[in-house]
Amino acid sequence: MPPKGSGKKKAINDGTATPQIPSLAEQFSYLHAPRPFKNPNYTKNVNRRAKNLKNVLTQERERERVERERRRQEREEAMEVDEERREELNTEDDMPFYTSIEAPPSVLPPRRYCDITGLEAPYTEPITGLRYHDKSVYELIKSLSSSAAKDYLAARGVNPILK
Amino acid sequence: MGGELNITRLPTPSPPSLETSDSYDIHRSQHTPLIIDNGATTLRYGFSSSTTPRFGPNVIAKYKERKNNKPLLLFGEGIDSEGGAKSQAKTPWEGDVLLNFDALENALDYAFVKLGIDTPSVDHPVLMTERLSSPLHSRALTSELMFELYSVPSLAYCVDSVMSFYHNNLPKTSSPFTSDGLVISFNTSSTSVIPVLDGKGIMNYSQRIPWGGSQATEYLLKLVQLKYPNFPTRVTSTQTSWMLQNLCEFATDYPSLLKKLKDPLNLRASERIVQFPFTLPVVEEKSEEDLARIAEKRKEQGRKLQEMAAKNRLEKLMQKESDLENLLTLRAARETEGRREWMNMLQAEGLESEAALETTIKKLESDLRRVRKKEAEDEDTMQEEPTFPLIDVPDADLDEEGLKEKKKQKLMKAGFDARMRARREKEREREEREADERRDMEARESDLSGWANKLRKDHEGIMNKMKGRARRRNELSDRKSAAAQARMKNIASLAADDRVSKKRRKGGGEDMFGADDADWAIYRQIVIFGKLDSNTAAGSSDEEEDMNQLRAIEEKLLAHDPSFTPEHTHASISSQRSALLSAFRPQYEEGDLEGRSRIHLNVERWRVCEAWFSPAMAGVDSAGLGEVVQNVLARFPERDKGKLVKNVFVTGSPSKLPGLVPRLHEALRPILPPEMPLEVARAADPGVDAWRGMADFAQTAEFQKVSVTQEEYEEWGGERIKRWWGGNWNLADISS
């Protein structure tokens, strides 16, 4: 285990000014290190802490939508312009956004793997829905408690609500 | 059991070492570009003139020490120095998005302090990384931090993987960057595919999979916890990521690997064992003298108790003798006193009549006699037949008291007769059993194999019967099975109104169920002994009988038949674990604490990495790496496709996992035309090359052209950047 912070000895208060040996953690701490490069006039932006992930992503999505609307407008207007211009504008691709970059869901047929061992799983247990590799794994599944079965399913991403 | 087990000890974490600050003198007033690779796991920073960056885990903690109330600010590995700080650790990144700017500010502070910067502002042009298509919020606040708090003169953003690609395909000096290739970037919380054509990153055709190193670590942790639900120690994420980095790899062909691992021997051969630290419980060993002393003490106590008991008995004896004396005098007094007075005296003693007096006296005398016999250690003589004289005397001759006596004696005689009968029966049974055993022994001695065969057949028969019963019980619990339906029919017929036939109804009109003992047998078929799971012991008397018979047969076989080993017994057969499961998760004895603190990784080693190519198996609804590459390539014409696949480039720390390059080759080869050359390469140093690429770029003239200066920042705000080949193309840009 990493050593705990207090590796110091408290100086005996007898008037002699012996400097305290800083604890290990204090040596690592840079709270009191001089940081002259910071601008003292900078006031912290109130905006900074307010956003969490969900808000940021929604904001992005909004922006993407707005941008796409604008593009569509432009393109429609450009349709009325002559041929050459149209070709130029058509090659302008959609702007990539954080949310638009995300990969789509898979279209390949899903491979079935055993929830317990990870080997191939041709069979599914009807009551819990767990996939299993062979007879002996089936015996094991039968002896699982319902919460353990739910944990296995959650590892696969299936969250049964009522079982 | 010995043999070579592939045991790797979990490394003990080494204490963090204090980093020294660099000397700033070389860079003072030099305006050397400052390169910051702001990664979600590691922060790499340095001046572009260095060959390697400084780095540290990108996490800070603000902690107030309890003991002396000193506030601490710790970065990276320094957090390990203080145990309580870990819970306060914050990272600037939340998954893939830069959100916590307070943490970012502190991290950058640390970086600048270590670089030794002591000027009133950070007077260097900065090149920083950002996520592919980073949300504008993140960028705006980062720019604000850099320009307003640190007053940098200029700032440029880039995508880390493209810079790593640049470093590995460096153009000759002062010629533009025109390489083509497909960059696959492995980051902490995502994996992205970015096509680069003619030196320009084509960001809008790139795709990102929300699966990265951190998700893989979590998945491995979950798998380990499911496999070892009763593990003695808690497994932490740091330990799991160590296991991931050192023991896991990509399988070139996952389905065929699984087919190979189906065999328990291969499973055992492929496993890696991680030994976790454990503490042996201290066993207090009592020395010989201690044990002897304890035994002595116990004997003493026993002796003392015996003495006390003997004393008690003696006292009671005394008491009884004195009582007897009393009563005898009372009886004698009958002659002397008058009738009524004598009755009063009797009642004073608590006796109702003369007969009661007699019986009490008799009892006391017999008790005393018995005790004296015991003390004289006589043998237990056969009880003489008590005489019942009054039974034969007809009723008319006796008075009231005599009648009562007679009834009592009749009862006593009946009891005595019954006892004699029971004793005789027991003796008869014993004789029969002995005769059986003798016969059995003769059969065995004469024909051992025949006898053994017969017994073994019986053994099998009983086991089959038990299995059949277990199956029937399981069927009963399934509502739709034939057995359950038959049971319902039985219940319904019992409860039917017309159970009593017409004839009977004329006679009495009552249901005569139960008068005949055989009727109750139907309950054996109706009652399900609870929804017990198949492992509980016998639930009904039938099953108990079967178990007992089975046990008796097994004992005989075990004792006399050399070929019937304990493995054939019912107990061992029912608790047998399949070979596959024992190879998958070997069991250790109860007391083997060292063994129980081991984690065996066999299938997990490849299963976790397979999730990059198929995130659906871990619950993430996204296409896998192979499919995404296919999607990205599909948007290009054939000619460009050829240019891209000739130089497939893999970068990022998670790409250090072995087996990735062959796997990608296998995944891409089938989807491309056979004559198209396919080359997959990995960055020379997947973790640091991004920084190096940035350092290289910062020394070119182009760097200044793509940076946003302070004035430009003040005019446009933090979200706008200049569009260039290595940076993002987000909304606000100016075509260069």
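About the thresholds
Going along each chain's sequence as written, the residues are numbered from 1 onward. Working convention: letters from A go to chains and numbers from 1 go to ligands, in the order in which they are written. Only residues with pLDDT of 70 or above have their local features reported here, since the model is predicted, and side-chain atom pairs are shown and tallied only from 80 upward, although totals for entire chains, interfaces and linings are computed over all residues. Excluded from the side-chain calculations are hydrogens and water; all other atoms, namely the structure's heavy atoms, are used. Only runs of H or I of at least four residues qualify as helices and only runs of E of at least two qualify as strands under DSSP, and these elements are numbered from the N terminus. Each residue's exposure class comes from its accessible area (1.4 Å probe, protein chains only) as a fraction of the maximum for that residue type: buried when under 20%, exposed when over 50%, partly exposed otherwise. In these tables, accessible area is a Shrake-Rupley quantity obtained with a 1.4 Å probe, and a residue counts as shielded only by the protein chains included in the view. The contact definition used throughout considers only heavy atoms, calling two residues in contact when any of these lie within 4.5 Å. Reported domain spans reflect what an automatic or database domain assignment gives. By definition, the buried area sums, over both parts, the 1.4 Å-probe accessible area that each loses when the two are put together. The working definition used for a salt bridge is a side-chain nitrogen of Lys or Arg within 4 Å of a carboxyl oxygen of Asp or Glu. Definition of a polar contact: a pair of N or O atoms within 3.5 Å, with one able to donate and the other able to accept a hydrogen when the atoms are protein atoms, and with sequence-neighbouring residues admitted only if both atoms are side-chain atoms. Residues were grouped as follows: Ala, Val, Leu, Ile, Met, Phe, Trp, Tyr, Cys and Pro as nonpolar; Asp, Glu, Lys and Arg as charged; and all remaining residues, including Gly, as polar. As a per-residue measure, pLDDT reflects the predictor's confidence and takes values from 0 up to 100. Patch membership requires more than 30% relative accessible area and the absence of a salt bridge. Residues of like charge join within 9 Å; the nonpolar side chains Val, Leu, Ile, Met, Phe, Trp and Tyr join within 5 Å. Working convention for charge: Lys and Arg count positive, Asp and Glu count negative, and His plus the chain ends are omitted. A charge is said to be at NZ when it belongs to Lys, at CZ for Arg, at CG for Asp and at CD for Glu. Take the number of residues in a helix, subtract one, and multiply by 1.5 Å to get its expected span. Paired strands, as defined in this entry, are two strands with at least two bridges between them according to DSSP. Every axis corresponds to a line fitted to the C-alpha atoms, with the helix fit spanning only the stretch in contact, and the corresponding angles, defined between N-to-C directions, vary from 0 to 180 degrees. A pair of aromatic rings is counted whenever rings of Phe, Tyr or Trp (Trp by its six-membered ring) have centres within 6.5 Å, and the orientation is called stacked for planes under 30 degrees apart, edge-to-face for over 60 and tilted otherwise. Whether a charge sits over a ring comes down to the Lys NZ or Arg CZ being within 6 Å of the ring centre and within 35 degrees of the ring normal.

Novice: Any details on the overall build of chain A? Residues and values, ideally.
Specialist: Along its length, chain A carries six helices and two strands. In chain A, the succession of α and β elements from N to C terminus is α-α-α-α-β-β-α-α. Split into buried and exposed, the 163 residues of chain A put 32% on the buried side. Here chain A has roughly 11,200 Å² of accessible surface; of this, 53% comes from carbon and sulfur atoms.

Novice: So, the overall build of chain B: which residues are in play, and what are the values?
Specialist: In terms of regular secondary structure, chain B is built from 26 helices and 22 strands. Buried positions account for 42% of the 736 residues belonging to chain B. Considering only contacts in chain B between residues 6 or more positions apart, those separated by 24 or more positions represent 67%. Total accessible area on chain B is roughly 41,800 Å²; 50% of this is exposed by carbon and sulfur atoms.

Novice: I'd like a rundown of the domain arrangement of chain B, residues and numbers included.
Specialist: What the domain assignment reports for chain B is domain 1 (213-279 + 602-634 + 654-675), domain 2 (288-431) and domain 3 (447-499 + 513-564). Once you take the C-alpha centre of each, domain 1 of chain B and domain 2 of chain B turn out to be 84 Å apart.

Novice: Tell me about the interface of chain A and chain B, and name the residues and values.
Specialist: With 71 residues of chain A in contact, the opposing surface of chain B contributes 90 residues. Three residues, Tyr30, Phe37 and Tyr98 of chain A, lead the burial of chain A against chain B; their summed loss comes to 12% of the area buried on that side. Connecting chain A to chain B are two salt bridges. For the salt bridge of Lys259 of chain B with Glu120 of chain A, the shortest nitrogen-to-oxygen distance reads 3.7 Å. Scanning the region where chain A abuts chain B turns up eleven residue pairs in polar contact (both at pLDDT 80 or more). Sorting the residues of the side of chain A that touches chain B by element identifies helix H1 (24-28), helix H2 (47-50), helix H3 (53-79), helix H5 (135-142) and helix H6 (146-156) of chain A as the ones contributing at least two each. Looking at the side of chain A that touches chain B element by element, the count peaks at six residues for H3 of chain A. Looking at the side of chain A that touches chain B, its residues break down into 33 nonpolar, 17 polar and 21 charged.

Novice: Account for the confidence of the model for chain B, with residues named and values stated.
Specialist: Residues and elements named next belong to chain B. Confidence in the prediction of chain B, expressed as mean pLDDT, is 81, and 88% of residues score 70 or more. Note that pLDDT drops below 50 for residues 378-383; the model gives that stretch three contacts with residues more than four away or on any other chain. Confidence drops under a pLDDT of 50 for residues 530-538, and excluding neighbours within four residues, the segment shows four contacts in the predicted structure. Here the prediction assigns the complex a pTM of 0.74, and the interface score ipTM is 0.79.

Novice: Can you lay out a positive patch on the surface for me, pointing to particular residues and giving the numbers?
Specialist: On the surface, Arg419, Arg423, Lys426, Arg430 and Arg433 of chain B cluster together to form a positively charged patch. Considering the arrangement of structural elements, one finds Arg433 of chain B in helix H11 (residues 400-446).

Novice: Could you give an account of a nonpolar patch on the surface, with specific residues and numbers?
Specialist: Residue and element names in this part refer to chain B. There is a patch of nonpolar side chains on the surface, built from Trp520, Tyr523 and Val527 and spanning about 300 Å² of accessible area. Take Val527: it is sitting in the loop between helix H15 (522-526) and helix H16 (541-560). Here Val527 falls in the partly exposed class, since its relative accessible area comes to 38%.

Novice: So what's going on with helix H12 (residues 448-477) of chain B? Which residues, and what values?
Specialist: One turn of the α-helix equals 3.6 residues, which is why residues spaced by three or four share an orientation. Compared with the 44 Å implied by 1.5 Å per residue over 30 residues, the 44 Å span of H12 of chain B between its first and last C-alpha is a close match. Taken residue by residue, H12 of chain B has Trp451, Ala452, Leu455, His459, Ile462, Met463, Met466, Gly468, Arg469, Arg473 and Leu476 of chain B as its buried positions.

Novice: Give a description of the sheet that holds strand S10 (residues 126-130) of chain B that names residues and reports values.
Specialist: Residues and elements named next belong to chain B. Pairing in this open sheet of six strands is mixed, and the strands run S4-S3-S2-S10-S11-S20 from one edge to the other. Only two strands of the sheet have a single partner each, and these edge strands are strand S4 (54-57) and strand S20 (708-709). Summarising the sheet, strand S2 (residues 34-38) and S10 pair through three bridges and their orientation is parallel. Paired with Leu34 across the bridge in S10 is Val126. The strands touched by helix H3 (residues 160-168) are S2, S10 and strand S11 (154-159); relative to S11, the strand with the most contacts, the crossing angle is about 85°. Most of the contacts of helix H24 (residues 689-698) go to S2, to which it runs at about 150°, and overall it touches S2, strand S3 (42-47), S10 and S11.

Novice: I'd like to hear about the environment of Glu65 of chain B, residue by residue, with values.
Specialist: Following the sequence through the fold, Glu65 of chain B ends up in the loop between strand S5 (60-64) and strand S6 (71-75). It is 49 Å that separates the C-alpha atoms of Glu65 of chain B and Ala681 of chain B, two residues lying 616 residues apart in sequence. If sequence neighbours within four positions are ignored, Glu65 of chain B has contacts with Ser23 and Glu26 of chain A together with Lys70, Leu72 and Glu82 of chain B.

Novice: Give a detailed account of the packing of aromatic side chains, specifying residues and quantitative values.
Specialist: The final tally for this structure, using the stated rule, is 23 aromatic pairs over all chains. Through successive ring pairs, a cluster of aromatic residues spans Phe165, Tyr166, Phe177, Phe649, Phe697, Phe703, Trp724 and Trp725 of chain B. The ring of Tyr98 of chain A has Arg208 of chain B lying over it, and the distance from NZ or CZ to the ring centre is 4.1 Å.

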